[in-house]
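Single-letter residue listing:
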Amino acid sequence: MLTRRILFFIAAAALCRGPLSAQETGSIKGFVADSLTGERLPLVNVVLVGKPVGAATDVNGFYFLSNVPAGRVKVRASLIGYRPVEQEISLRARQLATLNFRLAPTEVSIEGVTTTAERRMRYDTDVSTQPIGAAEIEIVPAAVEADLFRTISILPGVVSTSDVTSQFYVRGGGGDQNLIVLDGMTIYNPFHALGLFSIFDADAIKEAEVLKGGFPAEWGNRLSSVISIHTKEGNKNRFSGKLSASVLSAKALLEGPTPWEGSWMVAARKSYFDGILQRFVRQPTPFDFYDVIARANVDNGEDGRISFHTLISDDRISQKSPIEPDYTWKNRAYGVSWFQVIQNRYVAEVSFSSSSFSGSLDPKQNQDMTPRLSEISDLYFNGQVSYFTDAGDSYGAGLMFRLPAYHYLFFNSAGYEREERSRSTETGLWFKYKVKQFAPFAFEAGLRSDFTALLSPLIDDAFEPRLSLSYAFSPSVSAKLSYSRVHQRTITITNEDDVVALFETWIPVPRELPAEEADQYIVGVDGDLTFLPGLNFNIQSYYKNYKRLLDYNRDKIDQYDPDFAFGTGKSYGGELFLEYKHSAVYGWISYSLGWTERTIGNLVYPPRYDRRHNLNLVAGYKLGMGWDLNLRWEYGSGLPFSQIIGFYDRLGLGGIFDGGGYGTEPGTPYTVLGPKNQGRLPAYHRLDVSLSKTIPLAGRIRMIVEASAINVYDRRNMFYYNRTTGERVDMLPFLPTANVRIEF
Amino acid sequence: MTCRLATALLLLAAAAGCDNSFSPKSDFRREPVVYLVLDRDRPFQILRYAASYDPPGVIPGEYRGSKDPGIDSAYVTSIYGTVSFSDTLLEAADGSLVPVMISRALHPAVNTEYRLTVHLKDGRSVSGIARVPPEPGLTLNGARSFFYFDQAASMVHLAAEAAVEVAFPPMGSYFRLWITHWKAAPGGGRDTLREEVPSYVWYTNGVKTYVYTKPDRGTDTDIPVGVLVDFVRGMVERGDTNFVDVKCTVYCLEKNFYSYLKVLKGFDDPLSVRAENPNFTNIAGGLGIFGAVVADSIRMPFPRQILEEIH
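**Quick look at the overall build of chain A**
For chain A, the count of helices and strands is 6 helices and 49 strands. The 744 residues of chain A split such that 61% are buried. If you take every contact in chain A between residues at least 6 apart in sequence, the share linking residues at least 24 apart comes to 64%.

Okay, structure coming up:
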């Protein structure tokens, strides 16, 4: 019924024409690029000076301004870190003009240029989308390595359960409910080093979009979040690069123009020292990894581009002892994408990719362990087109296929081999309509369909309606509302109770079972505080109803029991995000208040990542003379755990089968646990600081030396409690690190 | 501004850093613990009892402080009537006396439901229900292949046909294969010994591991002759060659007892290590287990052909 209503709403809005006449207005489209590198810039605000008309560039640097009054108009393009540029253009009624911008970076803004952040206009109806650029990643003091996922984990609504893993949980969703996409390629296990940091070298990232809810129709197949990462395109003007070394690894990023019209970029990283890791995991860790991200672009004039993408990562733990197991896990992803502006009004994007992850465990001579293997690989096609109208509206439609193949192998506790290979099909056919002509109202309505479900008895899985509304109180403040339904058919069987999971095993939801399903409702207000230039705010409240969750069967006794149990859940809360960018100061404050609950059968409990309060303060300050100071302080209230309510001597009763009986068996002391996860660990908090100095060497060559300190006041943050040994295991202690970087 | 920010952060940190204590315990709650596994082949049934305790530390294994829960009475009820348990003491191997309750009058009948009730002196009571499994009726199939050793593909097929009367899965089964042999005793005579035969041999990097049978819900099991031969060869090398017979036993397990054993030995969940293995109990109001077991065995002489093959 809801789906029908939304379809009706879309149709009615599409048929209704707005009050503005296109006869007195025209449109302007174009690209914005970096003047030094030629790289297209996302998130650039392009506005008519003195008029409430504006847009922001997409990840390809493309913008489309509608409803521009005919005549001579002044257009301004601005982005934090760049000098704003204004250009004048004469526009006739119903004309579609092209106006490109090249922005010059202002890296030493303290020495003259004052740049104030402006509201990002791209997300005018997107409710819970947070862009993260290179500046946001670099401002967070590095825990050994600057890392995108560490930055994501300090956004409001995102919870990280430890220093030792980059796994994160968004608005009460499980760790497998986050869709990680690199240049259109799905990455299934994006972690190095037992999850310590991601496989995405921060230097290679141009921008990442974090969608925590209110998903536009083009996204699906994960219940909680989408992390869409875009790599740097490469310097189109000259050969350049970065060479870096930290206590853990060395890395290089090289980029330059191609002989044809285009650019390339290669970023590679290799570990060489495991001493730091040993401090994290508290045992000798003969750990070794490398990762490579590469990209090449072929430009088709100004309006088109074909890009080739690659990600390769390998991790290995090789123990010298013959009874210590060896682990390996690797990612491979290859893709090609095509972006084209057609007839000035259509933007087409097509991508095709292949991605795989495999992990294996070799027990060697360890008789308590058995070999394990987990593999997933997919072929993925995505095509979509957008159309921009003179009235300011836009249409979008797309089609995607994903063909995952799964393979896992293990020996069960009786020593018998279990191996399973399976395939599944994920499809998405979607349409959306974004209406901006009824300002100050705007809305985006969409519908996504898994059309393979239409052909099955599980027709309820076939439709996912999406709706976002916004109302602008003023040019700088708007209220937003959103509803989205999402299904997920690929899940992991990792138990959320595991403290550290070495194996992420992906499996399809069996065909005969319905998909996981969640509805999310969001209401919020965001905008600028006019009395304090440079300060943006975003306040949101969400309610998420997990109508179906698939959990590994908690009561599984043996192989005859069902593998899965359906559960339900809900999460709700509020978030506050304040971001300040002005001149030499940059920082943000994020606060989350959230509740999460799972229900499986009669068991109702908060999952291990149910954190009530989460506060993050991040600040960066350009001190001048090339010195940068960055601070981060995080506070998180205690995470749930199950408390001990007593001990008892548990009998093994093996004597019944050996002829001895159990009349005098002494028993083994064992804990009696109270209700699941009703206790709370101590609160978490930590202060990280980094100080860097940029030293010009010669010409364009410069060196950046950075010193960081993690957990400056050496807080003993508790990781977990080992019930067997009675040991309290803490997270990172005070840890100074350093790295040096040379850029040319 | 930087100074103010730094000062504020340090103050916040100092304030929040004060509370860093942690105890994994919540308020102690004393729980009665009872164990009773009805066994048709035993002359008397034993009820073990204890209470949970609260040691000063938090490390299981450092303390052993089983307490008397204060039992007032205990009895078992079935369609055949009510049978009470009475107090007694059993002597453990270390000479200590273990207080238990026993009943000589209770003779479990197969396919019969029993209800255990234990009244405590503090007015509380705990209870449990167990259904004694049916007769396993063990049969040995494929005996011919057992006697005629075939290196290529010979298998001994053992089957329990007990589950046919009850809807699946009402119970568990536990197949075990033993070799009985004897040695000359130092003072004359013979010492009769027995050794369990593994069901599976697993090689990793040339290292051999024996895997023994475990409680299962299957109604049959296969034991490769090659494993038996391999096992016997090991005994021959040790000089234990005075074989008597091979004995196969199947235990038919009441379903809650089966679940208890499975949880005790870890979940059949090879892809994750659970941080919190739960307790399993069918005792309402307490901990422990009320279960039942019925066994059946087959004995046969050890196949001479195999011995000759080995020698």
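**Some words on the overall build of chain B**
Helix and strand counts for chain B stand at 5 helices and 17 strands. Split into buried and exposed, the 311 residues of chain B put 49% on the buried side. Within chain B, residue pairs in contact and separated by at least 24 positions form 64% of the contacts whose partners lie at least 6 positions apart.

**A few points about the side chain of A:Arg222**
Residues and elements named next belong to chain A. Looking at the secondary structure, you find arginine 222 in the loop between β16 (205–211) and β17 (225–231). Although arginine 222 lies buried, it forms no salt bridge, and the closest oppositely charged side chain, glutamate 426, sits 5.0 Å away as judged by the N-O distance. Among all residues touching arginine 222, those that are not within four sequence positions of it are Asp176, Gln177, Asn178, Leu179, Tyr188, Phe215, Val486, His487, Gln488, Thr490 and Trp506.

**Quick notes on unusual backbone geometry**
All names here are of chain A. Look at the link from alanine 439 to proline 440: it is a cis peptide, with omega at 10°. Following the sequence through the fold, proline 440 ends up in the loop between β28 (426–435) and β29 (441–449). Phi is positive for methionine 625, which is not a glycine, with a value near 60°. Relative to the helices and strands, methionine 625 resides in the loop between β39 (613–624) and β40 (627–636).

**As for the sheet that holds strand β13 (residues 185–186) of chain A**
Residues and elements named next belong to chain A. Read across the sheet, 5 strands follow the order β9-β16-β17-β12-β13 without closing on themselves; strand pairing throughout is mixed. Strand pairing shows two members of the sheet lacking a second neighbour, β9 (129–133) and β13, which therefore form its edges. Bridge count for strand β12 (residues 178–182) against β13 is 2 bridges, and the pairing is antiparallel. Following the sheet pairing, valine 181 is matched in β13 by threonine 186.

**Quick notes on the pairing of strand β1 (residues 32–39) of chain B**
Here is the key point about a regular strand: its side chains alternate between the two faces of the sheet. Residues and elements named next belong to chain B. Counting buried residues in β1 gives 8 out of 8 residues, a clear majority hidden from the surface. The alternating pattern of β1 places Pro32, Val34, Leu36 and Leu38 and Val33, Tyr35, Val37 and Asp39 on opposite faces, both of which are buried. Across 5 bridges, β1 lies against strand β2 (residues 45–51) in antiparallel orientation. Residue pairing for β2: valine 33 is matched across the bridge by alanine 50. Count of turn residues in the β1/β2 antiparallel hairpin: 5 residues.

**Examining the environment of B:Thr117**
All names here are of chain B. Note that threonine 117 resides in strand β7 (residues 113–120). With relative accessibility at 12%, the residue threonine 117 sits in the buried group. Taking the C-alpha atoms as reference points, threonine 117 and leucine 253, separated by 136 residues in sequence, lie 21 Å from one another. Here threonine 117 is in contact with Ser73, Ala74, Tyr75, Val126 and Ser127, once residues within four sequence places are set aside.

**Brief notes about the sheet that holds strand β4 (residues 81–84) of chain B**
All names here are of chain B. Reading across from one edge, β4-β3-β7-β8 is the order of the 4 strands in this open sheet, with antiparallel pairing throughout. Of all the strands in the sheet, just β4 and β8 (125–131) have a single pairing partner and so form its edges. Strand-to-strand, the axes of this sheet are offset by a mean angle of 20°, without reference to chain direction.

**Considerations on empty space enclosed by the protein**
All names here are of chain A. Scanning all chains against the criterion turns up 15 cavities of 30 Å³ or more. Considered as a void within the structure, the second largest cavity measures approximately 130 Å³ in volume. Taken together, 16 residues line the second largest cavity, and the ones lying closest to its centre are Val159, Gly172, Tyr542, Gly594 and Arg611. Mapped onto the lining of the second largest cavity, the elements with two or more residues apiece are β36 (564–582) and β37 (585–600). With 5 residues, the single largest contributor to the lining of the second largest cavity is β37. When the residues that make up the lining of the second largest cavity are grouped by side-chain class, the tally is 6 nonpolar, 6 polar and 4 charged.

**Some points on helix α4 (residues 255–264) of chain B**
With 8 of its 10 residues buried, α4(B) lies for the most part within the structure. Those residues of α4(B) lying buried are B:Asn256, B:Phe257, B:Tyr258, B:Ser259, B:Tyr260, B:Leu261, B:Lys262 and B:Val263.

**Digging into the pattern of salt bridges**
All names here are of chain A. Within this structure, the stated rule accounts for 51 salt bridges over all chains. The partner of aspartate 526 in a salt bridge is lysine 480, and the shortest N-O contact between them spans 3.0 Å. Pair noted here: aspartate 526 is in strand β34 (residues 516–528) and lysine 480 is in strand β31 (residues 477–488), with a separation of 46 residues, a long-range link. Classification of aspartate 526 as buried rests on a relative accessible area of 11%.

**Some thoughts on the environment of A:Arg632**
Residues and elements named next belong to chain A. As for its placement among the helices and strands, arginine 632 is situated in strand β40. Distance from arginine 632 to glutamate 419, taken between C-alpha atoms, is 46 Å for residues 213 residues apart in sequence. Setting aside its immediate chain neighbours within four residues, arginine 632 contacts Val140, Pro141, Ile154, Asn616, Leu617, Val618, Arg686, Leu687 and Asp688.

**Points about the packing of aromatic side chains**
All names here are of chain A. For the structure shown, the criterion picks out 34 aromatic pairs over all chains. Ring centres 5.3 Å apart and planes at 80° place the aromatic pair tyrosine 471 and phenylalanine 473 in the edge-to-face group. Clustering of aromatic rings is evident, with ring pairs tying together Phe31, Phe62, Phe64, Phe339 and Phe388. Positioned above the aromatic ring of phenylalanine 31 is the side chain of arginine 40, whose terminal nitrogen or guanidinium carbon lies 4.0 Å from the ring centre.

**Focus on a nonpolar patch on the surface**
Residue and element names in this part refer to chain A. Taken together, the side chains of Trp260, Val298, Ile306, Phe308, Trp338, Ile342, Tyr346, Val350 and Val385 define a hydrophobic patch exposed on the protein surface, amounting to about 710 Å² of accessible area. Mapped onto the elements, valine 298 comes out in strand β21 (residues 287–300). The class of valine 298 is partly exposed, set by a relative accessible area of 30%.

**Observations regarding the confidence of the model for chain B**
Should the pLDDT be low somewhere, the predicted coordinates at that spot are not to be read in detail. All names here are of chain B. Scored by pLDDT, chain B has a mean of 76; 68% of the residues are at 70 or more. The low-confidence segment residues 143–155 (pLDDT under 50) makes 27 contacts with residues lying over four places distant or belonging to another chain. Considering only residues more than four positions removed or in separate chains, one finds that residues 157–170, a stretch of pLDDT under 50, has 42 contacts.

**A word on the environment of A:Ser321**
Residue and element names in this part refer to chain A. Topologically, serine 321 is positioned in the loop between β22 (304–317) and β23 (326–342). The class of serine 321 is partly exposed, set by a relative accessible area of 27%. Separated by 192 residues in the primary sequence, serine 321 and leucine 513 have C-alpha atoms spaced 44 Å apart.

**Overview of the pairing of β37(A)**
Residue and element names in this part refer to chain A. Pairing geometry for β36 and β37, over 15 bridges, is antiparallel. For glycine 573, the partnering residue across the bridge sits in β37 and is glycine 594. Linkage of β36 to β37, two consecutive antiparallel strands, is achieved through a turn of 2 residues, within which serine 583 is found at a positive phi near 50°. Direction of pairing for β37 relative to β39: antiparallel, over a ladder of 9 bridges. Bridge pairing links valine 585 to tyrosine 621 in β39. In this structure, β37 lies alongside strand β38 (residues 603–605), joined through 3 bridges in antiparallel fashion. Opposite threonine 599, over in β38, you have valine 604 as the bridge partner. A loop of 2 residues connects β37 with β38, the two strands running antiparallel in sequence, and glycine 601 in this loop sits at a positive phi of about 60°.

**Looking at the confidence of the model for chain A**
For chain A, per-residue confidence averages 85 on the pLDDT scale, and residues scoring 70 or more make up 87% of the total. Low pLDDT (under 50) marks residues 6–22 of chain A, which in the prediction has 29 contacts with non-local residues, meaning those over four places away or in another chain.

Here is what the cut-offs are and how they apply
Along each chain, numbering runs from 1 in the same order as the chain's sequence is written. Numbering of ligands from 1 and lettering of chains from A proceed in the order in which they are written. Only residues with pLDDT of at least 70 are given local features in this predicted model, and only at 80 or more are side-chain atom pairs given and counted; all residues enter the totals for whole chains, interfaces and linings. Where side-chain values are given, they derive from all heavy atoms of the structure, hydrogens and water being excluded. Each helix corresponds to a stretch of at least 4 residues labelled H or I by DSSP, and each strand to a stretch of at least 2 residues labelled E; elements are numbered beginning at the N terminus. Relative accessible area decides the class of each residue, using a 1.4 Å probe on protein chains only: under 20% of the type maximum gives buried, over 50% gives exposed, and in between gives partly exposed. The criterion used for residue contact is that any of the two residues' heavy atoms lie within 4.5 Å. The positive count covers Lys and Arg only, the negative count covers Asp and Glu only, and His and the chain ends enter neither. Note on definitions: salt bridges are taken to be side-chain nitrogens of Lys or Arg within 4 Å of carboxyl oxygens of Asp or Glu. When DSSP finds two or more bridges between two strands, those strands count as paired. Only the stretch in contact is used when a helix axis is fitted, and all axes are lines through C-alpha atoms; the angle between N-to-C directions ranges over 0 to 180 degrees. In this analysis the probe radius is 1.4 Å and the grid spacing 1 Å, with only protein atoms considered; a cavity is a set of points the probe fits into but cannot get out of, a pocket is an open set with protein on both sides within 12 Å along at least five of seven lines, and lining residues have an atom within 4 Å of a point. Grid points are joined across faces, edges and corners, and a volume is the space filled by probe spheres set on the points. Note on residue classes: Ala, Val, Leu, Ile, Met, Phe, Trp, Tyr, Cys and Pro are nonpolar, Asp, Glu, Lys and Arg are charged, and everything else, Gly too, is polar. Between rings of Phe, Tyr and Trp, where Trp is taken as its six-membered ring, a pair exists when centres lie within 6.5 Å; planes separated by under 30 degrees are stacked, by over 60 edge-to-face, and by other angles tilted. Placement of a positive charge over a ring is assigned whenever Lys NZ or Arg CZ falls within 6 Å of the ring centre and within 35 degrees of the normal to the ring plane. Patch membership needs two things, relative accessible area over 30% and no salt bridge, and members are linked within 9 Å if like-charged or within 5 Å if nonpolar (Val, Leu, Ile, Met, Phe, Trp, Tyr). Calculation of accessible area relied on Shrake-Rupley with a 1.4 Å probe; when residues are assessed, cover is drawn exclusively from the protein chains displayed. As a per-residue measure, pLDDT reflects the predictor's confidence and takes values from 0 up to 100.

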